[in-house]
Amino acid sequence: MSDRKIKSALISVYHKDNLEPIVRKLNELGVKIYSTGGTEKFIRDLGIEVVAVESITDYPSIFGGRVKTLHPKIFGGILHRRENESDLREVVEFEIPPIDLVIVDLYPFEETVATGASDEEIIEKIDIGGIALIRGAAKNFNDVVIVCSRTYYADLLMILDEKNGGTTLADRKLFAARAFETSSHYDSAIFNYINADHSMDVFKLSSSPARTLRYGENPHQNGYFYGDLSAYFDQIHGKEISYNNLVDIEAAVQLIAEFDDTAFAILKHNNACGMAQGRTVSEAYHKAFAADSISAFGGVLITNREVDAVAAEEMHDLFFEILIAPSFSDQSLEILQQKKNRILLVQKKNWKENTQYKSLLGGTIVQDYDLKSEGDSDLEMRTKKIPTKEEIEDLIFAAKVCKHSKSNTIVLAKDGQMLASGVGQTSRVDALKQAIEKAGNFGLDLRGAVMASDAFFPFPDCVEIAGKAGITAIIQPGGSVKDQLSIDYCDEHRLAMVFTGVRHFKH
């Protein structure tokens, strides 16, 4: 028989919000309720009869609450098989009360870690009794309903209302699947905290909830996002975010995080096609747009300042997929929301992640994110000509954009504006030629501009081409056995070049 009637319930939860309607419904259905500690008091305060777990186990809550429900009479009531004669005889022999519904959640371990709490506080948030009850009830889904989180209270209440306290095997199996997902995620979080020093070479990552996307990279591919997008953004307007949108969004927030002054970036296929700093959002947008007004069509836009009405009016005529900003003025929203599909995201915090994952060859590779950015003190002057203060500012600006562009990449910049870039090329020379050609196509003068490269120059050909195009200063990691050839060319032609010692490949 797959249908089961809930006649008894064990309720012991950390979070008690939205619990009251369920308790009242169970009482209305005549369900016998067992509880302990704060949950027991919560139920009694509602004026509803509740049986203390201690009255069944003959043991009080001990060790500061570490042991409350860990007892054969509790787990026997959950785990005994209702159609197994031997189990049923033992239930009678040992006076074990059947428990048909278990409502238990877990101590907030991840939330406690996120607060920066001490090790002692965090360890105390490793749930033992709760996880055991969840797994026990989930294992016996043939007979028992397990509700492991307030997330699923509404589903339980609907079943109680519609089926008068009855459940089907399919109902119970779904709740069990949710329970095992919850317990595995919880254990993974604990493991990763304990194994923070990577003393064990084991990879465990658990992300939830899943978000079904319109499709994957292409319409014939399925796509899903696992994680909490709301931790970074509030979507205040527009259509559903797609797989490709998410990839571009991450590239955008990583890039904009590099800049403290007012900045604006336009991205296409994970690369900046426009990037600039300005006194206002409007000025920064105009400078970014000027670098490649063609690629900006359908792009992802991002700024690190509030979007005002002036900036909104100027970018409104451009077709773009997404605009990300820390805030939007009311007047700007009146303008920008005229396009119903345009996605507007309020960025709630700067991008900051430590570890990057990528699946390949049926496995996973893991690395630290590239969080290194070069400043004045990181620059090693390698040529007779020393870059001016303005050139150094532009070199650092260009290097930041270069770091977030696909390799091989070259970025040309001047006065806080990316003039052009060559990205994703198999040859660094081709990347430079692409950048020079693009600058010419949009009428941008490269005289007095600077050049950034994500990796060293194996030959002096790039500095030669750059010098002839009007470039006056160059920033690169250095490290080639033929560095001196590039240095010599710069000295002979009055070019300044600095080394950073840091390569920024991005694939």
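Further up the page is the structure itself.
No experiment lies behind these values; they were computed from the predicted model shown.

Draft legend 1. Expanded view of the pairing of strand β12 (residues 271–277). Most of β12 is tucked away, with 6 of its 7 residues classed as buried. Where strand β11 (residues 263–268) lies against β12, 6 bridges are found, and the strand directions are antiparallel. If you follow Ala265 over to β12, its bridge partner there is Met275.

Draft legend 2. Examining the pattern of salt bridges more closely. Overall, the coordinates contain 24 salt bridges when judged by the stated rule. Where Glu321 meets Lys239, a salt bridge forms, and the shortest distance between an N and an O atom there is 3.5 Å. Pair noted here: Glu321 is in strand β14 (residues 320–325) and Lys239 is in the loop between β10 (233–237) and α11 (243–256), with a separation of 82 residues, a long-range link. When the shortest N-O distance is used, the salt bridge between Lys389 and Glu393 registers 2.8 Å.

Draft legend 3. Focus on the packing of helix α4 (residues 72–79) against helix α8 (residues 129–139). Packing of α4 against α8 brings their axes to within 8 Å, and their N-to-C directions diverge by 30°. When the axis of α4 is compared with that of α8, the two are roughly parallel. Here Ile74, Phe75, Ile78 and Leu79 of α4 lie close against α8, whose contacting residues are Ala132, Leu133, Gly136, Ala137 and Lys139. Tallied by class, the residues present in the contact of α4 with α8 amount to 7 nonpolar, 1 polar and 1 charged.

Draft legend 4. Expanded view of the sheet that holds strand β2 (residues 8–12). Pairing is parallel across the open sheet formed by 5 strands, whose spatial order is β4-β3-β2-β5-β6. Each having just a single partner strand, β4 (51–52) and β6 (145–147) make up the two edges of the open sheet. Here strand β5 (residues 101–104) pairs with β6 via 3 bridges, running parallel. Along β6, the bridge assignment pairs Val102 with Ile146.

Draft legend 5. Structural detail: a negative patch on the surface. A cluster of like negative charges, contributed by Glu306, Asp308, Glu313, Glu314, Asp317, Asp330 and Glu334, occupies part of the molecular surface. At the level of elements, α13 (309–315) and α14 (330–336) are the ones that each hand at least two residues to the negative patch. Under the relative-accessibility criterion, Glu334 is labelled exposed at 60%.

Draft legend 6. Up close: the nonpolar core. Grouped together as the largest cluster of nonpolar side chains are 53 residues, with contacts concentrated most on Leu26, Ile78, Leu101, Val102, Ile103 and Val147. Ranked by residue count, the leading element in this core is helix α10 (residues 169–194), at 7 residues. Not counting residues up to four positions away in its chain, the partners in contact with Leu26 are Ala9, Ile11, Val31, Ile33, Leu101, Ile103 and Leu160. With 44 residues, the next largest nonpolar core counts Leu379, Ile396, Ala452 and Ala496 among its residues.

Draft legend 7. Local environment of unusual backbone geometry. Look at the link from Ser407 to Asn408: it is a cis peptide, with omega at -10°. Position of Asn408 among the secondary structure elements: in the loop between α15 (389–403) and β19 (410–414). Phi angles above zero are rare outside glycine, and His269 is one such case at about 50°. By relative accessible area, His269 is classed as exposed at 63%. Positive phi, close to 50°, is recorded for Leu361, a residue that is not glycine. Its place among the elements puts Leu361 in the loop between β16 (355–360) and β17 (363–368). Taking relative accessible area as the criterion, Leu361 reaches 89% and is therefore assigned exposed.

Cut-offs applied
- Residues numbered from 1 in each chain as written.
- Predicted model: local features only at pLDDT ≥ 70, side-chain atom pairs only at ≥ 80, totals over all residues.
- Heavy atoms only, no water.
- Buried < 20%, exposed > 50% of the residue type's maximum accessible area, 1.4 Å probe, protein only.
- Helix = DSSP H or I, 4+ residues; strand = E, 2+ residues; numbered from the N terminus.
- Pairing = 2+ DSSP bridges.
- Salt bridge = Lys/Arg side-chain N within 4 Å of Asp/Glu carboxyl O.
- Axes fitted to C-alpha atoms, helices over the stretch in contact; angles between N-to-C directions.
- Parallel < 35°, antiparallel > 145°, perpendicular 65-115°, else oblique.
- Contact = heavy atoms within 4.5 Å.
- Nonpolar A, V, L, I, M, F, W, Y, C, P; charged D, E, K, R; others polar.
- Patch = residues over 30% accessible without salt bridge, like charges linked within 9 Å, V, L, I, M, F, W, Y side chains within 5 Å.
- Areas by Shrake-Rupley, 256 points an atom, 1.4 Å probe, with all protein chains shown as cover.
- Lys, Arg positive; Asp, Glu negative; His and termini not counted.
- Charge placed at Lys NZ, Arg CZ, Asp CG, Glu CD.
- Core = buried A, V, L, I, M, F, W, Y, C linked by side-chain atoms within 4.5 Å.

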